[in-house]
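Overview (structure and organization)
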Amino acid sequence: EGHALLSALAKLMERDDLQPFQLVISGTIPAEMWDRIDELGLREVIKPGSFVPYQDVGSLMEQADLLISFSHNTDQRIPAKVYDYLTSNRPLLVLADNDELDELIEAVGGGTVRGLADIDGIAETLAAEVAAGRQRCVTRDLGRHRVDSRSASRRLAELLDSVTAVR
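Residues numbered from 1 in each chain as written. Predicted model: local features only at pLDDT ≥ 70, side-chain atom pairs only at ≥ 80, totals over all residues. Heavy atoms only, no water.

Here we come to the overall build of the protein. Helix and strand counts for the protein stand at 7 helices and 5 strands. Written out in order from the N terminus, the α and β elements of the protein read α-β-α-β-α-β-α-β-α-β-α-α. Considering the protein as a whole, with its 167 residues, one finds that 38% of them fall into the buried category. The long-range fraction of contacts in the protein, counting pairs at least 24 apart against all pairs at least 6 apart in sequence, stands at 61%. About 10500 Å² of surface is accessible on the protein, with carbon and sulfur atoms providing 49% of the total. Computed over 18 positive and 28 negative side-chain charges, the inter-centroid distance for the protein is 6 Å. (Helix = DSSP H or I, 4+ residues; strand = E, 2+ residues; numbered from the N terminus. Buried < 20%, exposed > 50% of the residue type's maximum accessible area, 1.4 Å probe, protein only. Contact = heavy atoms within 4.5 Å. Areas by Shrake-Rupley, 256 points an atom, 1.4 Å probe, with all protein chains shown as cover. Lys, Arg positive; Asp, Glu negative; His and termini not counted. Charge placed at Lys NZ, Arg CZ, Asp CG, Glu CD.)

What follows is the structure, given as structure tokens:
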């Protein structure tokens, strides 16, 4: 998992026109991923971050320059992390092969979706984000697309009311 992202980072390391950058991974980095990181010469670029309690995720996102959501090849439609990331004003890169997720990010703005195997596209997006500078803020249109928790709760209540209504 994450091999396309690592390969894209390795492509960026070959360039000499980019500012220095690093990828901080919160949580555990498995030993086999460290092996791949070393194979690609990315040890200086990838930094392990510590586990972050959920209530502290917002402040961590505000420190980031780009948020990256990596989706697995799974039936899960939209990872919960994406909704957290959408509450931030930081740019978002979503790595997924999911049309619904692609449509969501396109609709709310402030992000890019690249396929899980699109190494060149991932590298292109990363290069553009590094070149765009640090601590950029983006605008998202969340309310109209009903992805905020209040709208989602209201819609869930409507659905539950409709299936439990006495007829």
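Here we come to the pattern of salt bridges. Side-chain pairs of opposite charge can arise whenever the charged atoms involved come near each other. Following the criterion strictly, the structure yields 9 salt bridges and no others. In this structure, Asp-118 engages Arg-114 in a salt bridge whose closest nitrogen and oxygen atoms are separated by 3.9 Å. Counted as one network, the salt bridges with shared partners bring together Arg-114, Asp-118 and Glu-124. (Salt bridge = Lys/Arg side-chain N within 4 Å of Asp/Glu carboxyl O.)

Before going further, it helps to examine helix α5 (residues 99-108). Within α5, the full set of buried residues consists of Leu-101, Leu-104, Ile-105 and Val-108. One face of α5 carries all of its buried residues, which in axial projection span an arc of 95°. The exposed residues of α5 that point more than 90 degrees off its buried face are Asp-99, Glu-103 and Glu-106. Against the buried residues of α5 lie α4 (80-86), β4 (92-95) and β5 (111-114). A positive phi of about 85° marks Gly-109, the residue just after α5. (Arc of directions from axis to C-beta.)

The next point concerns unusual backbone geometry. Its identity is not glycine, yet Gln-135 carries a phi of approximately 55°, on the positive side. The residue Gln-135 is located in the loop between α6 (119-132) and α7 (149-164) in this model.

Another aspect to go through is the environment of Gly-115. Assignment of secondary structure puts Gly-115 in the loop between β5 and α6. Once the C-alpha coordinates of Gly-115 and Pro-20 are considered, the two residues, 95 residues apart in sequence, prove to be 25 Å apart. Look past the residues within four positions of Gly-115 in its chain and what remains in contact with it is Ala-96, Asp-97 and Ile-122.

Taken in spatial order, the 3 strands make up an open sheet running β3-β4-β5, and their pairing is parallel. Each having just a single partner strand, β3 (67-70) and β5 make up the two edges of the open sheet. Averaged over all adjacent pairs, the angle separating strand axes in this sheet is 15°, with direction ignored. By the bridge criterion, 4 bridges tie β4 to β5 in an arrangement that is parallel. Along β5, the bridge assignment pairs Leu-95 with Arg-114. (Pairing = 2+ DSSP bridges. Axes fitted to C-alpha atoms, helices over the stretch in contact; angles between N-to-C directions.)

Looking now at a negative patch on the surface. Side chains of Asp-97, Asp-99, Asp-102, Glu-103 and Glu-106 sit close together on the surface and give a patch of like negative charge. In this structure, Asp-97 sits in the loop between β4 and α5. On the accessibility criterion, Asp-97 (52% relative accessible area) is exposed. (Patch = residues over 30% accessible without salt bridge, like charges linked within 9 Å, V, L, I, M, F, W, Y side chains within 5 Å.)

A word on helix α2 (residues 31-39). Because an α-helix completes one turn every 3.6 residues, residues spaced three or four positions apart along the sequence face the same direction. If you check which residues of α2 are buried, you get Met-33, Trp-34 and Ile-37. All buried residues of α2 fall inside an arc of 100° around its axis, so they share one side. Opposite the buried face of α2, by more than 90 degrees, sit the exposed residues Ala-31, Glu-32 and Glu-39. With its phi angle positive at about 70°, Gly-41 sits one or two positions after the end of α2.

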